[in-house]
Amino acid sequence: MKESFSLDALLRHNIKKLVPYSSARDEFKGEASVLLDANENAFGSPYSKNYNRYPDPLQQQLKTKLHQIKGVPPENIFLGNGSDEAIDILFRAFCEPGQDNVILVPPTYGMYEVSANINNVAYRKVNLTADYQLDLDGIAAAIDVNTKLIFLCSPNNPTGNSIRRQDIETILVNFDGIVVVDEAYINYAKQPSFSKDLPEFPNLVVLQTLSKAWGLAALRLGMAFASQDIIAIFNKIKPPYNINQATQEIVLEALDRVDVVNEWIKETVTEREKLATSLRELPQVEHITPSDANFILVRLEQPRAFYTFLVERGIIVRDRSKVELCEGCLRLTIGTPEENKALLHAIHTFYNHTS
Ligand SMILES: Cc1ncc(COP(=O)(O)O)c(C=O)c1O
């Protein structure tokens, strides 16, 4: 439980004063038959479905459905054009460019740093430990009065492991800024989501996405779960219609298929363990980080040459071999059983020929 926390003290001055855009549909609520308020094309759309009207700016139907699945009340949910939009809004809400700073714990997801750079916000890097856990002392030492956000990713990309829950709680309790826990890969993890802990931590923002386990990356739908006060800030800053009507409709339908998604998750986890077991048998594979995600980070001999060998065969993996603390590693996304077989076959071919 966090005892004292002041959101007001964290907010940028211009955001505190901001009068948000008020759209036509914000100002009118209720039933109407003649809509002449938003300069839309009243005749329709040159498409089989009518998309001539602006969508619901707050995506109420979608949030109600997500509430049923995630257990997070609609008023604690922000929906963004991918979770990348939520990351960007966090910087714009809380970080004064050229003055404030954030803490990143590499190796981790690259967008936190890119978003910081776009927003001209300084970042302090506190590397994960050798076993890819938080360096709590290092983080404590890096925090100063201008530190507004700490980004934690669990399960972490690109390492795949979960961050120890106790350590995340320590930061939530002791840091007076916003702690962002990015759970893009939570559906594959054994540990529960931090979304259940929102009532205890007013400084917690949990990010999730439909781009991974839900198989809807092309539709761009990311979620931020947080206190009502933080969600109100997100809503104030976001573009009025950030989730388009087609996405809202398709996602609403797709969310009925939890059973299919759960099957895929099970199969992905089984395939992940199968791939890891097969890789462990190869003497050229030096290390496999235990994964709670839909990918594994593997340290192996000649990573770059093997990467190029795969590309030549039309198999693309992620080369992380030059990333600090991931030296010599490739990140392998778990595919279908056929795709994983093709990858394993290529691995055997390459290493049998080169050793
Ligand atoms: C840890 C992490 N967070 C966020 C994202 C972005 O997700 P979205 O597609 O919702 O923008 C990714 C995508 O790879 C990711 O790995």
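Positions within a chain are numbered from 1, following the residues in the order the chain's sequence is written. For a predicted model such as this one, the threshold for reporting local features is a pLDDT of at least 70, and the threshold for listing and counting side-chain atom pairs is 80 or more; totals across whole chains, interfaces and linings nevertheless cover every residue.

### As for unusual backbone geometry
The condition is simple: Only runs of H or I of at least four residues qualify as helices and only runs of E of at least two qualify as strands under DSSP, and these elements are numbered from the N terminus.
Cis rather than trans, the peptide bond between Pro-106 and Pro-107 has omega equal to 0°. Tracing the backbone shows Pro-107 in the loop between β2 (101-104) and α6 (111-118). Pro-155 follows Ser-154 through a cis peptide bond whose omega is -5°. As for its placement among the helices and strands, Pro-155 is situated in the loop between β4 (147-153) and α8 (165-174).

### Here's the deal with the domain arrangement of the protein chain
Which entries qualify depends on this criterion: All domain edges in this entry derive from an automatic or database-based domain assignment. For every residue pair, C-beta atoms are placed from the backbone, and the pair is scored as a contact if these atoms sit within 7 Å.
Taken as a whole, the protein chain is organised into domain 1 (7-19 + 57-256) and domain 2 (259-354). One C-alpha centre belongs to domain 1, the other to domain 2; they are set 28 Å apart. Taken together, the contact between domain 1 and domain 2 spans 20 residues of the former and 21 residues of the latter.

### Thoughts on the pairing of strand β9 (residues 295-300)
Just so we agree on the cut-off: Buried means a residue has 20 or more other C-beta atoms within 10 Å of its own C-beta, exposed means 12 or fewer, and partly exposed covers the counts in between; C-beta atoms are placed from the backbone. Strand pairing follows a simple DSSP-based rule, namely that at least 2 bridges must link the two strands.
Taken across its six residues, β9 has five buried, putting it largely inside the fold. Looking at chain direction, strand β8 (residues 285-288) and β9 are connected through three bridges and run antiparallel. For Val-285, the partnering residue across the bridge sits in β9 and is Leu-300. From the end of β8 to the start of β9, which pair antiparallel, there are six residues. Sheet topology places β9 next to strand β11 (residues 329-333); five bridges connect them, and they run antiparallel.

### Notes on the site of the ligand
Quick note on the threshold: Each residue receives a C-beta atom placed from its backbone. It is near a molecule or strand if this atom lies within 6 Å of it. In this classification, Asp, Glu, Lys and Arg are treated as charged, Ala, Val, Leu, Ile, Met, Phe, Trp, Tyr, Cys and Pro as nonpolar, and every other residue, Gly included, as polar.
Around the ligand, the neighbouring residues are Gly-82, Ser-83, Asp-84, Tyr-109, Cys-153, Asn-157, Asp-182, Ala-184, Thr-209, Ser-211, Ala-217 and Gly-222. Grouping the constituent residues of the shell around the ligand by class yields four nonpolar, six polar and two charged.

### Description of the sheet that holds strand β7 (residues 222-225)
In sheet architecture, strand pairing relies on hydrogen bonds along the backbone and comes in two forms, parallel and antiparallel. Operational definition: Every axis corresponds to a line fitted to the C-alpha atoms, with the helix fit spanning only the stretch in contact, and the corresponding angles, defined between N-to-C directions, vary from 0 to 180 degrees.
Reading across from one edge, β1-β7-β6-β5-β4-β2-β3 is the order of the seven strands in this open sheet, with mixed pairing throughout. The open sheet has two edge strands, β1 (77-80) and β3 (122-125), and neither has a second partner. For this sheet, the mean inter-axis angle between neighbouring strands, taken without regard to orientation, is 25°. Sheet topology places β2 next to β4; four bridges connect them, and they run parallel.

### Let's talk about α8
Quick reminder of the rule: Arc definition: directions from the helix axis to the C-beta atoms.
Buried within α8 are the following residues: Ile-168, Ile-171 and Leu-172. Projection of α8 onto a plane perpendicular to its axis shows the buried side chains occupying an angular sector of 100°, all on one side. For α8, the elements touching its buried residues are α7 (136-142), β4, β5 (178-182) and β6 (204-209).

### Section: the nonpolar core
Note the threshold: To count as a nonpolar core, a set of buried Ala, Val, Leu, Ile, Met, Phe, Trp, Tyr and Cys residues must be joined through C-beta atoms within 7 Å.
If you look at the biggest cluster of nonpolar residues, it comprises 81 residues, and the most contacted ones within it are Leu-90, Ile-150, Leu-152, Val-180 and Val-205. Looking at this core, you find at least three residues from each of domain 1 (7-19 + 57-256) and domain 2 (259-354). Filtering out sequence-adjacent residues up to four positions away, Ile-150 remains in contact with Val-102, Ile-103, Ile-139, Ile-171, Phe-175, Gly-177, Val-179 and Val-180.

### Comments concerning the UniProt feature "domain: Aminotransferase class I/classII large" (unreviewed entry) in the protein chain
To keep it simple, the criterion reads: UniProt positions are given in the numbering used here, feature names are shortened, and annotations may be inferred rather than shown by experiment.
Within the UniProt annotation, "domain: Aminotransferase class I/classII large" (unreviewed entry) is assigned to residues 49-347. Across residues 49-347, the secondary structure splits into 37% helix and 17% strand, with the terminal C-alpha atoms separated by 47 Å.

### Brief notes about the environment of Ser-154
Summarising the element assignment, Ser-154 is placed in the loop between β4 and α8. When the C-alpha atoms of Ser-154 and Ala-184 are compared, they prove to be 7.8 Å apart, with 30 residues separating the residues in sequence. Look past the residues within four positions of Ser-154 in its chain and what remains in contact with it is Ser-162, Ile-163, Ile-168, Val-181 and Glu-183.

### Side note on the UniProt feature "modified residue: N6-(pyridoxal phosphate)lysine" (unreviewed entry) in the protein chain
Look at the UniProt record and you will see "modified residue: N6-(pyridoxal phosphate)lysine" (unreviewed entry) annotated at Lys-212. Following the sequence through the fold, Lys-212 ends up in the loop between β6 and β7. Lys-212 has contacts with Ala-184, Tyr-185, Asn-187 and Asn-294, leaving out every residue within four places of it along the chain.

### Let's talk about the packing of helix α4 (residues 60-70) against helix α10 (residues 245-254)
Stated formally: Angles are sorted into four bins: roughly parallel if under 35 degrees, roughly antiparallel if over 145, roughly perpendicular if 65 to 115, and oblique for all others. By convention, the crossing between two helices is left-handed when the near helix turns anticlockwise from the far helix through less than a right angle, and right-handed when the turn is clockwise.
Contact geometry of α4 with α10 gives a least axis separation of 10 Å together with a crossing angle of 25°. When the axes of α4 and α10 are compared, the pair comes out roughly parallel. Along this stretch, α4 crosses α10, giving a crossing that reads as left-handed. Residues Gln-61, Leu-62 and Lys-65 of α4 pack against Gln-248, Val-251 and Leu-252 of α10. Here the contact of α4 with α10 is composed, by residue class, of three nonpolar, two polar and one charged.

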